[in-house]
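# Understanding the architecture of this molecule
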Amino acid sequence: MRIIKTKSYEEMSKKAANIIASVVTLKPDCMLGLATGSSPIGTYDELVKKYEAGDLDFSEVTTVNLDEYKGLPKENEQSYYYFMHEYLFDKVNIDPEKTYLPDGTNLNSEEEAARYEALVQSLGTVDLQLGRNGHIGFNEPGDHFEDGTHCVDLKESTIEANKRFFESADDVPKQAYSMGIGTIMRSKKILLVVSGEEKAQALKDSIYGPVTPEVPGSILRFHPDVTIIADEAAMSLIK
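Residues numbered from 1 in each chain as written. Predicted model: local features only at pLDDT ≥ 70, side-chain atom pairs only at ≥ 80, totals over all residues. Heavy atoms only, no water.

### Overview of the overall build of the protein chain
Within the protein chain, the secondary structure is distributed over 7 helices and 10 strands. Relative to the compact-globule value of 18 Å for 239 residues, the protein chain shows a C-alpha radius of gyration of 17 Å, a close match. By principal-axis analysis of the C-alpha atoms, the protein chain measures approximately 45 × 45 × 35 Å. Burial status across the protein chain gives 54% buried among its 239 residues. Within the protein chain, contacts between residues separated by at least 24 positions form 80% of all contacts whose residues are at least 6 apart in sequence. Of the roughly 11000 Å² that the protein chain leaves accessible, carbon and sulfur atoms contribute 49%. The average position of the 25 basic charges and that of the 40 acidic charges among the side chains of the protein chain differ by 8 Å. (Helix = DSSP H or I, 4+ residues; strand = E, 2+ residues; numbered from the N terminus. Rg over C-alpha atoms; globule rule 2.2 N^0.38 Å. Buried < 20%, exposed > 50% of the residue type's maximum accessible area, 1.4 Å probe, protein only. Contact = heavy atoms within 4.5 Å. Areas by Shrake-Rupley, 256 points an atom, 1.4 Å probe, with all protein chains shown as cover. Lys, Arg positive; Asp, Glu negative; His and termini not counted. Charge placed at Lys NZ, Arg CZ, Asp CG, Glu CD.)

### Details of the pattern of salt bridges
Evaluated as defined, the whole model comprises 8 salt bridges. Put simply, E112 and R115 hold a salt bridge, and the shortest N to O gap is 2.7 Å. One end of the pair is E112 and the other is R115, both in helix α4 (residues 109-123) and 3 residues apart, which spans about a single turn. Overall, R115 belongs to the partly exposed group, its relative accessible area being 38%. (Salt bridge = Lys/Arg side-chain N within 4 Å of Asp/Glu carboxyl O.)

### Some details on the environment of S38
By the secondary structure assignment, S38 is in helix α2 (residues 38-52). The spacing of S38 and T6 is 32 residues in sequence and 17 Å in space, taken between C-alpha atoms.

### A look at helix α7 (residues 200-208)
Structural remark: α-helix, 3.6 residues per turn; residues separated by three or four positions point the same way. Buried within α7 we find A200, L203, S206 and I207. Here the buried residues of α7 occupy an arc of 130° about the axis, which is enough to place them on one side. Among the structural elements, β1 (2-6), β9 (190-194) and β10 (226-231) are those in contact with the buried residues of α7. (Arc of directions from axis to C-beta.)

### Looking at the packing of α2 against helix α3 (residues 80-87)
Where α2 contacts α3, the axes come no closer than 10 Å and their chain directions differ by 40°. The angle between α2 and α3 places the two elements in the oblique class. Side by side, α2 and α3 meet where I41, Y44 and V48 of the first sit next to F83, M84 and Y87 of the second. Its residues assigned to classes, the contact of α2 with α3 comprises 6 nonpolar, no polar and no charged. (Axes fitted to C-alpha atoms, helices over the stretch in contact; angles between N-to-C directions. Parallel < 35°, antiparallel > 145°, perpendicular 65-115°, else oblique. Nonpolar A, V, L, I, M, F, W, Y, C, P; charged D, E, K, R; others polar.)

So, in structure tokens, the structure goes:
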């Protein structure tokens, strides 16, 4: 596991974008696993800048996303489909037919989880999986590591943290589809971006605490190629 400490969110974003860009440059038809949330936004901004400068070509890239809210249509501004198009897909030359996310409108949990897992497996091995915070997608703390894509009952703390994006707490989805830890761990390379003091405890627990489903990110210590890029605030509990 390689840990890179940066002075700021901006520096973290640039370093993460450089790693992703190197994968795309060396393997133009690579498969990228992508994440949403506030942490990766700066990374996507930097990738867009590289594309606009003519330094990066996404035309052959395939993407699979970690997760999606269950019950939100694609046109909902809080859906992760909408997020990805707003911050990356609509700003670069990626083929929309090669961008994949769980279908939040499919309310049959078992069916959608099985469909998305089979899809990801059929596409091959993810060359680089981008993640944020210690949960990795919507893999909530629990009593076991989920292997494949599954439907997650979101913890109250997660709902509370996400309600700022919705008009009211009642509008926050209570479930989400998420890649499982097993699916994520089969990626060739994992890149974790962590920003903010509120992530400090989760990051410390992931790196130095016991490997436990209560801290899903702790399992990353068993992966052969993990890079964590964190700003000073996120690293504040790590000496």
